[in-house]
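# Reading the structure
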Amino acid sequence: MAEAQGGSGVELVVFSSLFPSAARPGAGLFIRERMFRVAQRRRLAVVSPQPWFPGQSLIRRVRPGYRPPVAAFEVQQGIDVYHPRFLSLPGLLRRLDGLSMALACLPLLRRLRRDGAKLIDAHFAYPDGDAATRLGRWLGLPVTVTLRGTEVPHSRKPVLRRRLRRVLRDAARVFSVSDSLRRLALDLGADPRKTEVVGNGVDVGVFHPVERAAARARFGLPDDARVLISVGGLVERKGMHRVLDCLPALLSQCPNLHYLIVGGGSAEGDMRAALEAQTVRLGLAGRVHFPGALPPAELKWALSAADVFVLATRNEGWANVFLEAMACGLPVVTTDVGGNREVVGSDDLGRIVPFGDAPALTAALAESLRRDWDREAIIGYARRNQWDARIEQLLRAFDTIVGTRSRDAEFAPR
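Residues numbered from 1 in each chain as written. Predicted model: local features only at pLDDT ≥ 70, side-chain atom pairs only at ≥ 80, totals over all residues. Heavy atoms only, no water.

### Observations concerning helix H12 (residues 320-327)
Most of H12 is tucked away, with eight of its eight residues classed as buried. Every buried residue of H12 is accounted for by Asn 320, Val 321, Phe 322, Leu 323, Glu 324, Ala 325, Met 326 and Ala 327. Elements that come into contact with the buried residues of H12 comprise strand E11 (226-231), helix H11 (296-304), strand E14 (308-311), strand E15 (332-335), helix H13 (340-343) and helix H15 (375-383). One or two residues past the end of H12 sits Gly 329, with phi positive at roughly 90 degrees. (Buried < 20%, exposed > 50% of the residue type's maximum accessible area, 1.4 Å probe, protein only. Helix = DSSP H or I, 4+ residues; strand = E, 2+ residues; numbered from the N terminus. Contact = heavy atoms within 4.5 Å.)

Now the structure itself:
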């Protein structure tokens with residue numbers, strides 16, 4: 001087995017069922033972006049439990065992307081990533097996922113504790129945080145939990161709401177990627193003294209403008225077009241279909257309009273066929289483009305080909321893609337849900353519209369396409385939101401919890 005980060009043992013266990021793998025390279029990239037930066041300063045391993053039940057391979061015959069098989073162990077950028085399987089049955093029995101996940105991961109977590117692990121850092125309160133806090137109780141390890149947005153719909157279900165309250169009670173620290181999620185945690189009974197907001201950051205070395213004509217040539221877009229772009233999973237929550245409904249009215253005002261939809265299916269589903277059918281039904285053939293999912297290193301080309309970024313999303317914690325778009329100079333038009341207003345905090349950065357208000361969304365897009373935006377100021381805002389400050393905040397919290405002196409010298413270049 002490969003050694004992580006060039007030394008034996010780990011200090012921190014990252015615990016999240018949503019994490020990139022060879023089978024699902026786009027899953028949970030925002031978690032890896034954050035925690036692999038922490039790994040430059042603290043030794044860690046990743047435990048990413050994968051749902052399984054007998055016969056699920058039969059479902060893949062009709063739904064090819066359903067729970068793709070994931071290797072039990074990988075090494076990513078020198079870091080050990082484990083993918084233990086846990087029993088997860090569809091339907092109402094999904095309410096047992098937290099307990100099942102904890103039981104399946106117990107032997108591995110016990111071994112990692114023997115190897116030096118002092119803290120479990122879980123992402124999403126349910127089922128991951130539920131499993132992690134159970135493991136913490138069983139193994140005598142403190143647990144931090146990061147709220148990332150799924151807690152909003154979960155909190156509306158009485159059974160899951162009770163479990164969220166227990167997770168927030170048992171966690172040593174509750175991070176949230178937005179203040180709106182911190183307020184939700186407080187509403188669920190979290191101790192204010194152990195909650196703090198740690199937003200996502202952006203890597204401006206990866207996301208920056210490239211030459212527009214070359215970017216448009218990559219996607220077959222005319223040089224004189226006005227281009228909208230959305231990036232995300234092709235699922236109902238992200239709302240690409242809501243943007244498509246606005247296009248006929250926008251075309252009457254902006255005849256050279258094109259719309260670039262970047263993304264693919266995810267664990268939430270895959271609406272590509274429905275979106276393509278909607279495109280044809282609305283008479284938008286040739287105006288809407290589906291390049292599929294792109295790796296992070298390629299996204300700057302798609303973003304640089306566009307004029308305005310739009311995401312008519314139903315729910316978000318902190319949409320990292322907003323900062324990625326801004327780092328490429330794009331204003332953002334989005335809905336007033338979750339932490340969106342916190343990211344797009346000024347009229348100089350974009351427009352916020354009520355969710356479900358199609359006329360307001362259409363008007364905001366029309367105005368954004370007409371406006372001469374200060375794109376250097378937008379890029380400057382993204383640069384002020386890089387990862388460095390976030391990572392320092394996390395390290396301070398981790399060290400306070402485990403009472404560990406700074407070990408940065410061990411990772412200093414020699």
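### Quick notes on the sheet that holds strand E2 (residues 44-47)
The sheet built from eight strands is open, its strands ordered E4-E5-E2-E1-E7-E8-E9-E10 with mixed pairing. The outermost strands of the open sheet, each flanked by one partner alone, are strand E4 (73-76) and strand E10 (195-197). Geometrically, the sheet is characterised by an average inter-axis angle of 25 degrees between neighbouring strands, direction not taken into account. Bridge analysis of strand E1 (residues 12-15) against E2 gives four bridges, and the strand direction is parallel. Paired with Val 14 across the two strands is Val 46, which belongs to E2. Sheet strands touched by helix H16 (residues 388-402): E1, strand E7 (119-123), strand E8 (143-147), strand E9 (173-176) and E10. Its angle to E9, the strand with the most contacts, is close to 170 degrees. (Pairing = 2+ DSSP bridges. Axes fitted to C-alpha atoms, helices over the stretch in contact; angles between N-to-C directions.)

### Considering the pattern of salt bridges
Close approach of charged atoms allows side chains with opposite charge to pair. Under the criterion given, the structure shown has 26 salt bridges. Residues Asp 307 and Arg 216 are paired through a salt bridge, measuring 3.0 Å at the closest nitrogen-oxygen approach. Of this pair, Asp 307 sits in the loop between H11 and E14 while Arg 216 sits in helix H8 (residues 212-218); the two residues are 91 residues apart in sequence, bridging distant segments of the chain. Comparing Asp 307 with Arg 216, the two get one shared label, buried. Taken together, the shared-partner salt bridges connect Arg 212, Arg 216, Arg 226 and Asp 307 into one network. (Salt bridge = Lys/Arg side-chain N within 4 Å of Asp/Glu carboxyl O.)

### Structural notes on the packing of helix H9 (residues 240-253) against helix H14 (residues 358-370)
Two elements in contact, H9 and H14, have axes separated by 9 Å at closest approach and are oriented at 55 degrees. With respect to H14, the element H9 is oriented oblique. The hand of the H9/H14 crossing is right-handed. Side by side, H9 and H14 meet where Arg 242, Val 243, Cys 246, Ala 249, Leu 250 and Gln 253 of the first sit next to Ala 358, Leu 361, Thr 362, Leu 365, Ala 366 and Arg 370 of the second. Considered class by class, the residues forming the contact of H9 with H14 number eight nonpolar, two polar and two charged. (Parallel < 35°, antiparallel > 145°, perpendicular 65-115°, else oblique. Left-handed = near helix turned anticlockwise from the far one by under 90°. Nonpolar A, V, L, I, M, F, W, Y, C, P; charged D, E, K, R; others polar.)

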